[in-house]
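Analysis of the macromolecular model
For reference, the chains in residue letters:
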Amino acid sequence: MNENKQLYYKIITYGCQMNEHDAEILAGQLQELGYAPTDEEVAADLVILVTCAVREHAEQRVYGKIGELYRLKQANPNLILAVGGCMSQQSEVAKKMRRRFPYLDIIFGTHNLAEFPDLLRAAQVSQETVLELWEEAGAIKEALPRVRQDGLKAWTTIMYGCNNFCTYCIVPYVRGRERSRRPENILAEIENLVAQGYQEVTLLGQNVNSYGKDLDREYDFADLLRAVNETGIQRIRFMTSHPKDISPRLIEAMADCSHVMEHLHLPVQAGSNRILRAMNRRYTRERYLELVQEIRAAIPDICLTTDVIVGFPGETDEDFADTLSLMEIVRYDAAFTFAYSPRGGTPAARMLDQVPEVVSKERLQRLNALQTRISLERNQQLVGTEQEILVEGPSKNDPGKLTGRTRGNKLVHFVGEPQLAGQLVHVRITAAQTWNLFGELI
Ligand code: SAH
Ligand code: SF4
Ligand code: F3S
């Protein structure tokens, strides 16, 4: 092999922003090793899949992709194929992948990301799959090299892992216990983003409201939001918030901080107390609705979004009707809706009264129809209002127009000069569809 040949990598990411974040760190490490990115799988010397295990559908897509990559491997025996992320972190799944796809060069978990360069060196000399998983997360590693995907909006992970063990969810098993980054490291990262011209940051964690509980001093998410508000970044978002951990201090901080956007993603998962208990969510329907009222009282024009699961084991027609009625009462701006998918090793997967798939599918359709109507109505209410928009660039569907997002995170299309990209502008909303708003510059 020619020592001086430029090597190329391609990373394919599934799942949530935690994986996007991990992919940025992998990219940073590879670029330090001299690799360059490519969009073309056929041109790559290294392909990495960063996988998601949250639902079966996500896993099926990954298996399909690994199968497809076999042809590339046959055409180019020097190609290195690596599979990381949340599927690989489960040792039974990792071993199954090694058996089923012996041509994989590297299988690695979520906790040993920083070791990837070592695994790559090992794979270059090994005939067999290099499989390396750490059971536990080590100490948080700061200052890993990284390559961000966007120049305007950035993700900053403020904590890793989850302690909640909702009974359906695989995340605590594949991402470990909650670990908070130190505030000074987070703030330094955001100040650096500001210096590079970033306008927006999204603070990430599976449950940001429990940020700081593991720090050696009294410092919580409300303190962090107030501090980030002073960094000079224009727009601050965060996700995800667990309803059981939203404190009055946090609502106050959101209302006080002018750079914190009027948007809250507050997954409810179900509207029936019986199901919420079986899910181990640790709030009731009544408490959730009260919380929504408290938030709306403090921040009247807040946009609320949520996640909902239908067909959780034991969910009856009555339970499902409770979910529909909760959606009618709250009137979310948008909802991510899922049919329950049993995950090996979680308590819910062992529950006896699993709901047949046809029933879940039918409920999902009804839920989506309801939410589509509400989302449209919520958007129609914005017609005539003035909105602050962060301009992202030319619209993908209509290149004559620009797109940007409101403070509530809604997509707006409007006519404007391309050089407005990256700036905050004001528009008046002139028309609304379910997932899009249209406006004109003021
Ligand atoms: N930490 C976040 C996100 C977790 S995963 C939170 O707590 O909200 C994102 C969403 O996937 C969850 O909110 C849930 O609605 C959904 N989800 C998780 N496990 C699932 C499963 N086994 N079946 C179907 N949906 C699931
Ligand atoms: Fe999963 Fe629940 Fe943790 Fe969210 S809070 S990641 S749904 S266990
Ligand atoms: Fe999927 Fe892992 Fe995120 S399971 S949703 S990629 S934490």
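Keep in mind it's a predicted model, so treat the numbers as computed, not measured.

**Considering helix H3 (residues 91–100)**
Owing to its 3.6 residues per turn, the α-helix aligns residues three or four sequence positions apart on the same side. For H3, the set of buried residues is Val93, Ala94 and Met97. Along the axis of H3, the buried positions cluster into a sector of 100 degrees, meaning they face one direction only. Facing away from the buried side of H3 by over 90 degrees, the exposed positions are Glu92 and Arg99.

**Some words on the sheet that holds strand S7 (residues 153–157)**
Reading across the sheet, the 3 strands line up as S7-S10-S11 and stay open at both edges, with parallel pairing between neighbours. The strands lining the two open edges of the sheet, one partner per strand, are S7 and strand S11 (235–239). Here the strands of the sheet are splayed against their neighbours by 25 degrees on average, with no regard to which way each runs. Two elements, S7 and strand S10 (residues 200–204), share 5 bridges in a ladder whose sense is parallel. By the bridge assignment for S10, Lys153 is matched with Glu200. On top of the sheet, helix H1 (residues 17–32) reaches S7, S10 and S11; it is set at about 100 degrees to S7, its chief contact. Relative to the sheet, helix H7 (residues 221–229) contacts S10 and S11, its axis offset from that of S11 by approximately 155 degrees.

**Examining the sheet that holds strand S14 (residues 334–339)**
Spatially, 3 strands are ordered S12-S13-S14 in an open sheet, and the strand pairing comes out parallel. Two strands bound the open sheet, and with one partner strand each, they are strand S12 (263–265) and S14. Each strand axis lies, on average, 10 degrees off the axis of its neighbour in the sheet, ignoring direction. As judged from the 6 bridges shared by strand S13 (residues 303–310) and S14, these two strands associate in the parallel manner.

**Focus on the domain arrangement of the protein chain**
What the domain assignment lists for the protein chain is domain 1 (8–132), domain 2 (153–379) and domain 3 (386–441). Each partner contributes residues to the interface: domain 1 has 17 residues there, and domain 2 has 17 residues. Counting each side, the surface lost to burial between domain 1 and domain 2 is near 1600 Å², with a carbon and sulfur contribution of 59%. Three residues stand out in domain 1 for area buried against domain 2, namely Gln17, Met18 and Arg55, and they jointly supply 39% of the buried area on that side. The tally of links between domain 1 and domain 2 comes to 6 residue pairs in polar contact (both at pLDDT 80 or more). Listing elements by their share of the side of domain 1 that touches domain 2, those giving two or more residues are H1 and helix H2 (56–75). Top element by residues in the side of domain 1 that touches domain 2 is H1. It accounts for 6 residues. When grouped by side-chain class, the residues that make up the side of domain 1 that touches domain 2 number 5 nonpolar, 7 polar and 5 charged.

Criteria and cut-off values
Residues numbered from 1 in each chain as written. Chains lettered and ligands numbered in written order. Predicted model: local features only at pLDDT ≥ 70, side-chain atom pairs only at ≥ 80, totals over all residues. Heavy atoms only, no water. Buried < 20%, exposed > 50% of the residue type's maximum accessible area, 1.4 Å probe, protein only. Helix = DSSP H or I, 4+ residues; strand = E, 2+ residues; numbered from the N terminus. Arc of directions from axis to C-beta. Pairing = 2+ DSSP bridges. Axes fitted to C-alpha atoms, helices over the stretch in contact; angles between N-to-C directions. Contact = heavy atoms within 4.5 Å. Domains from an automatic or database assignment. Buried area = accessible area lost by both parts, 1.4 Å probe. Polar contact = N/O pair within 3.5 Å; in protein donor to acceptor, adjacent residues only side chain to side chain. Nonpolar A, V, L, I, M, F, W, Y, C, P; charged D, E, K, R; others polar.

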